[in-house]
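Topology and contacts: notes
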Amino acid sequence: MSQHTNSTVIIDTGCANLSSVRYAFERLTKDVVVSDDHRVIKTADRVVLPGVGTAGAAMASLKNKQLVELIQSLKQPVLGVCLGMQMMTDKSKELGGRDSSNKAVDERTLGEKTTCECLGLIPTSITDLDSKGLPLPHMGWNQISPSSHPLFNDIPEGSYLYFVHSYKAPLSEFTIATCEYGEHFSAAIAKDNFMGVQFHPEKSAEVGSRILSNFLAMNTQTFNQALNQTSWQLNRESRT
Amino acid sequence: MLAKRIVPCLDVKDGKVVKGVQFRNHEIVGDIVPLAARYAEEGADELVFYDITASAHDRVIDKSWVSRVAEQIDIPFCVAGGIKSIEQAREKLAFGADKISINSPALTDPSLIERLQDEFGRQCIVIGIDSYYDATSDSYKVKQFTGDAAATRDTQWFTQDWVQEVQQRGCGEIVLNVMNQDGVRQGYDLKQLSIVRELCDVPLIASGGAGTMAHFKDVFEIAKVDAALAASVFHKGIIDIQELKRYLSAQHIAIRY
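Structure report, in brief. (Residues numbered from 1 in each chain as written. Chains lettered and ligands numbered in written order. Predicted model: local features only at pLDDT ≥ 70, side-chain atom pairs only at ≥ 80, totals over all residues.)

1. Quick word on the overall build of chain A
Scanning chain A for helices and strands turns up 9 helices and 13 strands. Here chain A, with 240 residues, has 50% of them falling under the buried criterion. A fraction of 77% describes how many contacts in chain A between residues 6 or more apart in sequence connect residues 24 or more apart. (Helix = DSSP H or I, 4+ residues; strand = E, 2+ residues; numbered from the N terminus. Buried ≥ 20, exposed ≤ 12 C-beta atoms within 10 Å, placed from the backbone. Contact = placed C-beta atoms within 7 Å.)

2. Observations regarding the interface of chain A and chain B
At the interface, 30 residues of chain A touch 33 residues of chain B. Listed by contribution, the elements that provide at least two residues to the side of chain A that touches chain B are α1 (19-26), β8 (138-146), β9 (159-165) and α7 (205-216) of chain A. No other element matches β8(A), which puts 5 residues into the side of chain A that touches chain B. Taken together, the residues of the side of chain A that touches chain B break down into 14 nonpolar, 14 polar and 2 charged. (Nonpolar A, V, L, I, M, F, W, Y, C, P; charged D, E, K, R; others polar.)

3. What about the nonpolar core?
Ranked by internal contacts, the top residues of the largest apolar core, which has 152 residues, are B:Ile100, B:Ile174 and B:Ala228. Looking at this core, the element that brings in the most residues is α7(A), giving 6 residues. Leave out the neighbours within four places in its chain, and B:Ile174 touches B:Ile127, B:Ile129, B:Val163, B:Val166, B:Cys200, B:Val202, B:Leu204 and B:Ile205. (Core = buried A, V, L, I, M, F, W, Y, C linked by C-beta atoms within 7 Å.)

4. Comments concerning unusual backbone geometry
Residues other than glycine predominantly adopt negative phi, and peptide bonds predominantly adopt the trans conformation. In this model, A:Leu136 is joined to A:Pro137 through a cis peptide bond whose omega is 0°. Summarising the element assignment, A:Pro137 is placed in the loop between β7 (122-128) and β8. With a phi close to 50°, A:Asp192 is a non-glycine residue in the positive phi region. Mapped onto the elements of the fold, A:Asp192 is located in the loop between β12 (183-191) and β13 (194-197). Phi is positive for B:His252, which is not a glycine, with a value near 65°.

5. So, helix α4 (residues 86-94) of chain B
All names here are of chain B. All of the buried residues along α4 are Gln88, Ala89, Lys92 and Leu93. An end-on view of α4 places all buried positions within 135° of arc, on one side of the element. If you follow the buried residues of α4, they end up packed against α3 (64-72), β5 (77-80), β6 (99-102) and α6 (111-120). Just beyond α4, the residue with positive phi is Gly96, at close to 115°. (Arc of directions from axis to C-beta.)

6. Focus on the packing of α1(A) against α3(B)
Look at α1(A) against α3(B): their axes get within 8 Å of each other, and the N-to-C directions meet at 45°. It follows from the interaxial angle that α1(A) and α3(B) lie oblique. The segment α1(A) lies against α3(B), with A:Ser19, A:Ser20 and A:Tyr23 engaging B:Ser67, B:Ala70 and B:Glu71. The residue inventory of the contact of α1(A) with α3(B), partitioned by class, reads 2 nonpolar, 3 polar and 1 charged. (Axes fitted to C-alpha atoms, helices over the stretch in contact; angles between N-to-C directions. Parallel < 35°, antiparallel > 145°, perpendicular 65-115°, else oblique.)

7. Focus: the pairing of strand β11 (residues 175-181) of chain A
Residue and element names in this part refer to chain A. The buried fraction of β11 amounts to 5 of the 7 residues, a majority that puts the element mostly inside the structure. Both β8 and β11 contribute to a ladder of 3 bridges, which runs antiparallel. Paired with Ile144 across the strands is Cys179, a residue of β11. (Pairing = 2+ DSSP bridges.)

Interpretation in functional terms is not warranted from these geometric data alone.
Here it is as structure tokens:
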């Protein structure tokens, strides 16, 4: 398995909590670095876009580091985690500052400006998770229905992953795994070499570790072969 | 389906895991990292580390163990104890803690909750509440500085009011520790937890009183909490986490196994 010696770069987004993602990869490979250096990112075999906080703040940080165009130009596999996934979409309703509890107030005071422009790598957008009265944030271990996407090789239907979020990517043709909390939403999305997971694989015990291993097994070739495939088959659909 | 979480709590004092009865007479139960690793392997869904001396003694927890835990443990964990500022919180999160829990400092300065939330997002801000049943006034009240028996004091807050206050200020989760029940293993205070559950729109973790596997079933079924925290039953081997999860699963409670 010589692929695991290839380099993986975790983009230093300027958010505080990068350690967990780094530690999780370090448990699987020696060749992982955290960097915001354009050359290092560009030449990596695969790239991880982490993120904790709000989409507004994280996008501001990427712009500040002039990383937006660089990320958009990447051809190698790129994995967004949690907010990193949300940032891969066209836009997000999650701005900075106080969010969930004061949504109504935010929308009134902010008028037109109720969305944050994101990276536009996967054509979908982030909206509030409608938990139908269940506690928010959606926090804890929930089950997913994975698709045939290579990120979910050997991940059984109903596997538990750790989630913490109040916003979601809705189901779309770019959904590669689903989850349910009040409503069905995308547990993971992908387009070409870009993929994002709403859950935290770095905090999801063995199952999460297997997903990260699957990512480490990918390279540019993985998606050259599959480039014509616009959507990955969900188990749910294959069963019916 | 979202699983109910089983959360072992490791009270930390001088770099060791300790446990006392009703917050007193602490005895050492083991080293932090090996105990944390053991619980993770046994199926704990999350871990909480409370430095019980920090708030009362006006010092910050030694943070080196936070990154050692984060390096080795692949489940979420929360760090509590003496976090009074944005910088202290940032440090714990940077070392790999998933959440930080604030208790006494939030009572001293409730605006801390808003500031932390603005900076890090509500998902990693947990508020710990030490609540007790006050028989004289027949009400639930909040105590402060419970890490040290000599420093512990009453506050002016009724528990229900404080629960609403901390949510308005932007916490992402509440740990309700019922002090009359702590360490005595007579069961969670289902009545109080049910009252708080009604007021609580964020995830609620029950703490204090777990003694048998049926206590866990009751707190999930009756008080409808999202997670149940316990310490002594796990540290002393009274309840095995795997066995507990098998039992709860057989009782049709959503459990990760």
